[in-house]
Amino acid sequence: MRETTATRVAPARAGSRRRRVVGGRDLAAYLFVLPLTAIFALFYLWPAVSTILSSFFSWGLLQPWRLTEPDSWDFVGLGNYQDALSDPDFWSAAVNTAIWLVVFPALVTGFALLVSILIWYAGRGAGLYRSVFILPMTISLTAAGVIWSFIYNPDPSIGLLNAVTGLLGLGDTHLWLSDLGSIHVGGIELRLVNLSLVVAAFWAFAGFGVITFTAGLASVSQELVEAARVDGARVSQIVRYVLLPALRRPLIVVVVVSVIFALRVFDIVFVMTQGGPVQDTMVLALLLWQDAFAFLDTPSAGLAAAIAVLLSATLVLGAYPYLRQLTRSGSRR
Amino acid sequence: MIPNRGKAIALYGGLTGLAVVWLVPVATVTMISVLPLDQSRAGWWNADLGELTYRNFVNAWHQGVSSYIVNSLVITLLSVGLTVTVGALASYAFARLHFRFRRLTYFLLITTMIVPVQIILIPLLPWFQTLGLAHGGRQYLGIALVHTAFGAGWAVFMMSSFIADIPDELFEAARVDGATHMQLFRRIAVPLALPGIVSFAIIDLIFVWNDLLLALTLLERDHQPITVGLANLQSPHLAQEDVVSAGAILAILPPLLLFALLNRYYVRGLFAGGVKG
């Protein structure tokens, strides 16, 4: 509103004019954003900048790096980054994180797509079904990890999954959380035990996809689908030519958000396996946490900071188009 | 909508089957929590329902779960109260006012939705010591401030979109009558964007209640919430499924009840994130 008025009054000088018109309001705007931005600067921006700066120093939490205390500076340049990238544990965790990155979004998106379309077709009872699939989203990943540890218990009289596979004649001695074997792809060993953790997280998170796709499908006109059906369109054609086009944006959102989830995953691995056995289920977010906090007397917080910077940079660069879009949709007004 | 009877049966059969499978983990933890250990050890699906007990909850409560729950409540209410208050104020400015570095600030806020918490976590403990937030009751304030900072992106993203949806005419009319921005905020923006604010508050409540990483890293043992408590109890060597499952149920119930009561707001909030995001 404001902007159109300004443009109409003086199209040629809209920019400078707007700034002057708004000048009187500036003070109020700053007062409104001040509390949030102060907290944001002190407890997000500064710690993030500290992480980046401290990644060029060698330090541990018992002798913390502080910007204001040059005595605490043990400058190592890119040493932490070199150490991280030449550490086999880093690459093993990177491979496991890559498994998450591929399998988790695929599971979430595929399942949520299927369920949302079924719910959309059902019409009656849609709210109830939707609630069932959303329900695990309210459960913490910590509790989800506890629950799935019960299900994966290797003893078939305690663990439901081995009881079921035993009943189906598939054997009842699977070690779901310690050893499921591995497959080799291009010389890289992919440990299947990671999939057990992915499934648990998928159960806890798929509701997000269901909500998002249901929102997208709400815009599809029932008359259009009815007309297509009367004209002899098959269900597969309706899904392909009517429903999926309506889900283009929601699809992007679900894939991006679940990719972010997969790269940040920590809680469920921490609770279910602590990254073990050995390093078989270690992911980057947990590896760096252990570097910084599990062994306080070793000065590897700088190394942890370097991994955190690498992980965050990957996320921000990879999600940059999405970030730009969020910023634009938020500043439109 | 449904073409014919056979397909209808297949549709509802398929959906119901998936829904039942989806609820199995919930049934698992519920059953283990209400059975004596020797019963659940023999397979909860074989259990004698005459043996149901609430003892596990009593035991869990006395093994520290009570104080974990109290800590969770304090941390969650403090964090959400702070985030909603400062977030709503800032959202008003982002939705209605112009100021310098608005886009840059917004961009930086939004990055919290993308980066891992670990990017701020490592220097945070020394920083808390510098600020005097590392010990005693001040830890609650410290973690609430971090939750506010890290939730700021979601807060402004959601609440400013709801405030921006309010028709301009309402604000203009009140301005002509000489209302200040604080009056516009309190009498127009907050009441009319209330459904959006409630949606955000619920999502934030569930998010903070369920946080493990920040609490695990920043808080001393006697200030830790139930998520950390569960992770402590969970050690596989302890073999105390009865207590752990009861603790898990107690951790799950508050957000679940909130979801059951205010389902509409929760879904609407995530809807907004999905469609507009």
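Every residue gets a number counted from 1 within its own chain, in the order that chain's sequence is written. Labels are handed out in written order, letters beginning with A for the chains and numbers beginning with 1 for the ligands. Reporting of local features is limited, given that this is a predicted model, to residues whose pLDDT is at least 70; pairs of side-chain atoms are given and counted only at 80 or more, and all residues count toward the totals for whole chains, interfaces and linings. As a rule here, side-chain values cover all heavy atoms of the structure and leave hydrogens and water aside.

### Here's the deal with the overall build of chain B
And then number 1: Strands here are runs of E lasting at least two residues and helices are runs of H or I lasting at least four, both read from the DSSP assignment and numbered beginning at the N terminus. From N to C terminus, chain B includes 13 helices and zero strands.
And then number 2: Once the C-alpha set of chain B is aligned to its principal axes, its extents read approximately 75 × 65 × 30 Å.
And then number 3: Buried residues are those whose accessible area, probed at 1.4 Å on protein chains only, stays under 20% of the maximum for their type, while exposed residues exceed 50% and partly exposed ones sit between those limits. A buried classification covers 58% of the 277 residues belonging to chain B.
And then number 4: Note on contacts: a residue pair is in contact if any heavy atoms of the two residues lie within 4.5 Å. A fraction of 72% describes how many contacts in chain B between residues 6 or more apart in sequence connect residues 24 or more apart.
And then number 5: Working note: accessible area of chain B is about 11,200 Å², and carbon and sulfur atoms make up 66% of it.
And then number 6: Think of it this way: Lys and Arg go in the positive column, Asp and Glu in the negative one, and His and the chain ends go nowhere. Working definition for charges: the position is that of NZ of Lys, CZ of Arg, CG of Asp or CD of Glu. A distance of 11 Å separates the average location of the 16 positive side-chain charges in chain B from that of its 14 negative side-chain charges. In this description, accessible areas are obtained by the Shrake-Rupley approach with a 1.4 Å probe, and a residue is regarded as covered only by the protein chains that are shown.

### A short note on the interface of chain B and chain A
And then number 1: Counting residues at the interface gives 107 residues for chain B, matched by 110 residues for chain A.
And then number 2: Each polar contact in these results corresponds to two N or O atoms within 3.5 Å; when the atoms are within protein, one needs to be able to donate a hydrogen and the other to accept it, and residues that are neighboring in sequence are counted only if both atoms are side-chain atoms. The interface formed by chain B and chain A contains 20 residue pairs in polar contact (both at pLDDT 80 or more).
And then number 3: Looking at the side of chain B that touches chain A element by element, the count peaks at 16 residues for helix H13 (residues 241–276) of chain B.
And then number 4: For this scheme, ten residues count as nonpolar: Ala, Val, Leu, Ile, Met, Phe, Trp, Tyr, Cys and Pro. Four count as charged, namely Asp, Glu, Lys and Arg, and the remainder, Gly too, count as polar. Its residues assigned to classes, the side of chain B that touches chain A comprises 76 nonpolar, 23 polar and eight charged.

### With respect to unusual backbone geometry
All names here are of chain A.
And then number 1: In this structure, Pro-277 follows Gly-276 across a cis peptide bond, with omega equal to -10°.
And then number 2: One can find Pro-277 in the loop between helix H13 (267–272) and helix H14 (284–293).
And then number 3: The backbone of Gln-274 sits at a positive phi, close to 55°, despite the residue not being glycine.
And then number 4: Locating Gln-274 in the fold gives a position in the loop between H13 and H14.
And then number 5: Residue classification places Gln-274 among the partly exposed positions, given a relative accessible area of 42%.
And then number 6: Here Val-278, not a glycine, exhibits a phi torsion of approximately 50°, which is positive.

### Here's the deal with the packing of aromatic side chains
And then number 1: Two rings from Phe, Tyr or Trp (for Trp, the six-membered ring) form a pair when their centres are within 6.5 Å of each other. A pair whose planes differ by under 30 degrees is stacked, one over 60 is edge-to-face, and the rest are tilted. Across all of its chains, the model carries 39 aromatic pairs over all chains by this definition.
And then number 2: Plain terms: the ring middles of Tyr-320 of chain A and Phe-107 of chain B are 6.1 Å apart, the flat faces sit at 65° to each other, and that makes the pair edge-to-face. In this pair, Tyr-320 of chain A is assigned in helix H16 (residues 320–331) and Phe-107 of chain B in helix H4 (residues 102–111), connecting two distinct chains.
And then number 3: Pairwise contacts between aromatic rings join Trp-100, Phe-104, Phe-205, Phe-208 and Phe-261 of chain A into one cluster.
And then number 4: Think of it as a cone above the ring: NZ of Lys or CZ of Arg counts as a charge over the ring if it is within 6 Å of the ring centre and within 35 degrees of the ring normal. Over the ring of Phe-171 of chain B we find Arg-96 of chain B; its NZ or CZ atom is 3.9 Å from the centre of that ring.
And then number 5: For the cation-ring pair, Arg-264 of chain B lies above Tyr-265 of chain B, with the distance from its terminal atom to the ring centre recorded as 4.9 Å.

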